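Understanding the architecture of this molecule
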Amino acid sequence: MTGTAIRLRQCAKTFQGGQTALSPIDLDVRPGETLVFLGPSGCGKTTTLRLIAGLETPDAGGRILFGDDDVTDVPIEKRGVGMVFQSYALFSNLDVAGNVAYGLKVRGMPKAERATRVAEMLELMHLQDFADRSIHALSGGQRQRVALARALAARPRILLLDEPLAALDAQLREQLRVDIDRLLRTLHITAIYVTHDQAEAMALGDRIVVMENGRIAQIGTPQDIYQRPANAFVAGFIGNLNRFDVLAHEQGRARVAGGWLPWNDTSATVLCCRPEHLEIVHANGALQGQVLGQFFQGAHTRVLVDIGNGRQLLVDSRDDRLRQRGDLIEMNVTGPLFALAA
Amino acid sequence: MSDLAMTLPVRPTPLRRRVPLAIVVTLAPALIVLTAFWLLPLAQLITLGADADRSGTPGYLVVVSSPAYMQGLLQTVALAAGTTLATLVIAGIAGCFLARHAFAGRSLLVALMTFPLAFPGVVVGFLIILLGGRQGLFASISTALTGDRWIFAYSLFGLFLGYLYFSIPRVILTVMAACETLDRSLEEAARSLGASHWGVVRDVIVPGLMPALISSGAICFATAMGAFGTAFTLGTRLSVTPIAIYDTFTNFANFAVAAALSVLLGVVTWLVLMLARYLAGPRSLST
Amino acid sequence: MKRTGLFTLQLAFTLLVCAFMLVPIVLSVMAGLTRNYFQGIESGLTFDWVIQVWTAYAPTVWLSLQLALACALCCVVIGVPAAYALVRLDNRLSRAVEELLVLPVAMPGFATALALLLTYGHYSGFRSSAGFILVGHVLFTLPFLVRPVMAVMQRSHLPVLEEAAASLGAGPARRFFGIVVPNARAGILAGTLMVITLSLGEFNLTWMLHTPLTKTLPVGLADSYASARLEVGSAYTLIFLMLIVPLLVALQVVSNRLSRGALR
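Calculation notes
- Residues numbered from 1 in each chain as written.
- Chains lettered and ligands numbered in written order.
- Predicted model: local features only at pLDDT ≥ 70, side-chain atom pairs only at ≥ 80, totals over all residues.
- Heavy atoms only, no water.
- Helix = DSSP H or I, 4+ residues; strand = E, 2+ residues; numbered from the N terminus.
- Buried < 20%, exposed > 50% of the residue type's maximum accessible area, 1.4 Å probe, protein only.
- Contact = heavy atoms within 4.5 Å.
- Areas by Shrake-Rupley, 256 points an atom, 1.4 Å probe, with all protein chains shown as cover.
- Lys, Arg positive; Asp, Glu negative; His and termini not counted.
- Charge placed at Lys NZ, Arg CZ, Asp CG, Glu CD.
- Buried area = accessible area lost by both parts, 1.4 Å probe.
- Salt bridge = Lys/Arg side-chain N within 4 Å of Asp/Glu carboxyl O.
- Polar contact = N/O pair within 3.5 Å; in protein donor to acceptor, adjacent residues only side chain to side chain.
- Domains from an automatic or database assignment.
- pLDDT = per-residue confidence, 0-100.
- Pairing = 2+ DSSP bridges.
- Axes fitted to C-alpha atoms, helices over the stretch in contact; angles between N-to-C directions.
- Parallel < 35°, antiparallel > 145°, perpendicular 65-115°, else oblique.
- Nonpolar A, V, L, I, M, F, W, Y, C, P; charged D, E, K, R; others polar.
- UniProt positions renumbered as here; feature names shortened; annotations may be inferred.
- Left-handed = near helix turned anticlockwise from the far one by under 90°.
- Phe/Tyr/Trp six-rings, centres within 6.5 Å; stacked < 30°, edge-to-face > 60°.

When its secondary structure is counted, chain C shows 12 helices and 0 strands. A principal-axis box enclosing the C-alpha atoms of chain C has dimensions of 75 × 65 × 30 Å. Out of the 264 residues belonging to chain C, those deemed buried represent 60%. Of all intrachain contacts in chain C linking residues separated by at least 6 positions in sequence, the fraction that spans at least 24 positions is 72%. Accessible surface computed for chain C: about 10,400 Å², of which carbon and sulfur atoms make up 69%. Charge centroids of chain C, computed over 17 positive and 10 negative side chains, lie 10 Å from each other.

Here it is as structure tokens:
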């Protein structure tokens, strides 16, 4: 399977009753890439997915192209997409093999060929022992694997996944995420993946589209999004973030509550850094503060620090030294600092 | 990027483009049948009610100005309301009991009490005759005991019993279903706060069952208003509206008045259903 | 919970209600099998009454069965697509249609019958056929099919299933027959049983709509109650019970399974 590019041009969606789910967006999905739509509920990510799938039509003027085909007016059943739903949407009147074979049967594939393809798909998803099982006899993780096999069986041009892991518990989610990742890497299929879970987005996405209020807030690789968030919303939505209000600029440094930060650009009013990019030092730290509490989290210890002016910092420290509430500590910035528009 | 999108949760309309055709094709047969065989005839019935009968008075006017018809209607409403109330109390107690207690033979008991659910009115009438008719069980028992023959089947009380008979199974089922969904922690909370047994029943159980009681009561009422079969079997001397309509139509061929009476009965029934729905909140009538 | 006096009281009450429901049925069965009910069971048991009723009224039984099956067929053909449309539409319009479907049940049956007679009574070919009764039965029973089917469709997340089928390339007709109908079969079964049961026992409408040549079982019952001796009415009731009780039991089993969420 080689990937197909997807292009959205001025796609907007207004629902009956006038609520705007999506402001006009342009988007290019590269062939074979996994693009993750990330955002809180109601941000328009599922609507965008449904537009691409053909389950919704864009408002007048919007176009959707698969490769060079304009599919805007093509119904979903003729678009050649594979889709995986949060609720699995398996047909309980068919067994596992029957579900996987459904799309092939609809397309009129001869029986023998169908059987081979089904067996192949079941093996790919480690489901070969479950072919004759009823859907009701499967666990959630198995059901979602059947759904994946079913979506991929007819070799779709594009795979669409709508929060496929949201209904599973944490451990299964992790396991299936690895499976999906392996699948997407080996198949090189263009995949759109919708989720509200940032860890999932980071792990699976070649690129991530962060959405907010029916608009695209940022598109970029996971590293881009994490290290160089385009705005406060993206920064706040992904990971924990420490915010510093700049009080003054002075000789290549910015004065903030609790100390100084190295920063040249005098126009910055808010500086940010991630908790893991702060380090507790014995002396000569750029920042000083008072410990409010500390929480052991396994790989690191999260320390909550008061730096004055009503500002608090999160510091993820690698050491496991015991600190008491009220201890004075000093900190240095070890990772990227970035400015945000206030 | 200026026009701000609203952040309301998106409730996607599924397969929107295909909806019109698919919906039209699938819904059309039902709508055609309903329109041709129900709405149209009903409209005709309503118009006919305004026609003049043999005395030259419009049907509706005849009905409204006739003390006999109005009294019959009043009696029908009273009987239906009485049946509904009695059914709710009886089935409420029995239903709660069956839903709350596990004991040997419980499911058999439930099955036995609810299978006459769909008995037709005529059969129910006949069963009441077997209980309280001239050769009925009560007649023979009372003759043996006191020498009097208790015959109540052919009276309003017989009709009341008949309505009770076909209403009880339905309400028991609804009450049991509602009872099982009641939050038991509410009762436990009330007990822990010192409520007496009756206090719990009054303040927790009855309010919790209210929507189910109202909706099944409404169905009870509607059925009792139109139950012609039972009244027909028990005897046409009863002065309830269904019988009156039947008489007017068949024996006197007075179509305008029969139509007017039917419409009036329908309207009263419908009003009560609407009232119940209003009391029970939206969509709770679809039990 | 402790078995208190209250428990005993409630149990006694429930048993009393149960007796009220059952004793008349037992009486009826007995009366239908007793040689002379007035003299009591000592007069001996007999199948004579049942045989007598069968010879006289067998056509009503057959007509009722045919009507019930035809009615169920019509309801399925009309009602399943309608239920699907209502579930899919799920807006103000669909709720209005749902109301409309239920109205013939809320209205007194013979009012509907009267309206039908007034509108279509003069088409004598139609008037004198069993089809006239069938129309009434379909109107009256349709919501009893549509409701359970809708409930099952809503519970099995039908719209999503359909989207999945569409994404796999299935067109509307294929989705309806291949996915929608099979996944609603529990509701269709429950609804069909209910429709058959109700149609077999329908009297309010039928009494007005029937002709001497189109007598159904309940019409025959009413006849026999009014004109024949108690034993004959009872024997006839016995035949009716034998038809309808298995249906009611099946209905109970199916709806129990439905309410427990076992859709298969």
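Each partner contributes residues to the interface: chain C has 82 residues there, and chain B has 81 residues. A combined buried area of about 7,700 Å² lies between chain C and chain B, and 79% of that area is made up of carbon and sulfur atoms. Applying the counting criterion to the chain C and chain B interface returns 0 salt bridges. Linking chain C with chain B are 9 residue pairs in polar contact (both at pLDDT 80 or more), by the criterion used here.

On to the domain arrangement of chain A, then. Residues and elements named next belong to chain A. Each assigned domain of chain A is listed with its residue range as follows: domain 1 (6–237) and domain 2 (242–340). Placing the centre of domain 1 and that of domain 2 at their C-alpha centroids yields a distance of 39 Å. Residue-level contacts link 7 residues of domain 1 with 6 residues of domain 2. With both chains or domains summed, domain 1 and domain 2 bury close to 570 Å², and 57% of this area falls on carbon and sulfur atoms.

So, on to the confidence of the model for chain C. Note: predicted coordinates in regions of low pLDDT should not be interpreted at a detailed level. On average, residues of chain C score 87 in pLDDT, and 97% of them are at 70 or above. Of the two predicted TM-score estimates for the complex, the pTM is 0.81 and the ipTM is 0.84.

Residues and elements named next belong to chain A. One open sheet accounts for 6 strands, arranged β6-β7-β8-β3-β9-β10; its pairing is mixed. Of all strands in the sheet, those with a lone pairing partner are β6 (81–84) and β10 (215–220), marking the two edges. Each strand of the sheet is rotated relative to its neighbour by a mean of 15°, with strand direction disregarded. The sheet contact formed by β6 and strand β7 (residues 158–162) spans 4 bridges and is parallel. Across the sheet, the residue bridging to Val-81 is Ile-158, located in β7.

Residues and elements named next belong to chain B. It is the contact of helix α9 (residues 197–226) with helix α12 (residues 255–280), at a shortest axis distance of 9 Å, that shows an interaxial angle of 175°. Judged by the angle between their axes, α9 and α12 are roughly antiparallel. Contact residues: α9 offers Pro-211, Ile-214, Ala-218, Ile-219, Phe-221, Ala-222 and Met-225, while α12 offers Leu-265, Val-268, Thr-269, Val-272, Leu-273, Ala-276, Leu-279 and Ala-280. When its residues are assigned to classes, the contact of α9 with α12 shows 14 nonpolar, 1 polar and no charged.

Listed under "domain: ABC transmembrane type-1" (unreviewed entry) in the UniProt record, and renumbered for this structure, are residues 61–253 of chain C. Measuring from the first to the last C-alpha atom of residues 61–253 of chain C gives 25 Å, for a span that is 86% helix and 0% strand.

UniProt feature "transmembrane region" (unreviewed entry): in the numbering of this structure it lies at residues 12–33, 67–87, 99–120, 126–146, 176–200 and 235–254 of chain C. Secondary structure within residues 99–120 of chain C divides into 91% helix and 0% strand; the distance between the first and last C-alpha atoms comes to 24 Å.

We now examine the packing of helix α7 (residues 156–181) of chain B against helix α1 (residues 5–33) of chain C. Axis separation between α7(B) and α1(C) bottoms out at 11 Å; the angle between their running directions is 110°. As summarised for this structure, α7(B) and α1(C) are arranged roughly perpendicular, according to the angle between their axes. Like other packed secondary-structure pairs, α7(B) and α1(C) cross with a definite hand, here left-handed. Each of B:Leu161, B:Leu164, B:Tyr165, B:Ile168 and B:Pro169 in α7(B) lies in contact with α1(C), whose residues at this interface are C:Val17, C:Phe20, C:Met21, C:Pro24 and C:Ile25. Grouping the constituent residues of the contact of α7(B) with α1(C) by class yields 10 nonpolar, no polar and no charged.

Residue and element names in this part refer to chain A. Sheet architecture is open: 4 strands sit in the order β2-β1-β4-β5, paired in antiparallel fashion. The open sheet terminates on both sides in strands that have one partner only, identified here as β2 (20–29) and β5 (69–70). In this structure, strand β4 (residues 63–66) lies alongside β5, joined through 2 bridges in antiparallel fashion. Note that in β5 the partner of Leu-65 across the bridge is Asp-70. Against the sheet, helix α1 (residues 45–53) makes contact with β1 (6–14), β2 and β4, and its axis sits at roughly 120° relative to β1, the strand it touches most.

Considering all chains together, one arrives at 29 aromatic pairs over all chains under this definition. A ring pair is formed by B:Phe37 and C:Phe126, whose centres lie 6.3 Å apart and whose planes are at 50°; its orientation type is tilted. Of this pair, B:Phe37 sits in helix α1 (residues 19–50) while C:Phe126 sits in helix α5 (residues 124–127), which puts the two residues in different chains. For C:Phe126, a relative accessible area of 25% corresponds to the partly exposed category. For the pair B:Phe228 and B:Phe232, a centre-to-centre distance of 5.4 Å together with 45° between the ring planes defines the contact as tilted.

Below, the discussion takes up the domain arrangement of chain C. Residue and element names in this part refer to chain C. Segmenting chain C into domains produces domain 1 (1–46) and domain 2 (56–259). Relative to domain 2, the C-alpha centre of domain 1 lies at a distance of 31 Å. On the side of domain 2, 8 residues touch domain 1, which itself brings 11 residues to the contact. For the pair domain 1 and domain 2, the summed buried surface comes to about 630 Å²; carbon and sulfur atoms form 67% of the total. If you sort the residues of domain 1 by the area they bury against domain 2, Ser-28, Gly-32 and Tyr-37 come out on top, with a joint share of 48%. Linking domain 1 to domain 2 there are 0 salt bridges. Scanning the region where domain 1 abuts domain 2 turns up 0 residue pairs in polar contact (both at pLDDT 80 or more).

This structure, assessed with the given rule, holds 28 salt bridges over all chains. When the shortest N-O distance is used, the salt bridge between A:Arg157 and A:Asp69 registers 3.0 Å. Of this pair, A:Arg157 sits in the loop between α4 (140–153) and β7 while A:Asp69 sits in strand β5, and the two are 88 residues apart along the sequence. On the basis of relative accessibility, which here comes to 27%, the residue A:Arg157 falls in the partly exposed class. A salt bridge links B:Glu187 to B:Arg100, with the shortest nitrogen-to-oxygen separation between them at 3.0 Å. Placement of the pair is B:Glu187 in helix α8 (residues 184–192) and B:Arg100 in helix α3 (residues 67–100), with a sequence separation of 87 residues. The two residues B:Glu187 and B:Arg100 agree in class, both being buried. Each of A:Lys13, A:Arg50, A:Glu56 and C:Glu163 takes part in a single network of salt bridges with overlapping partners.

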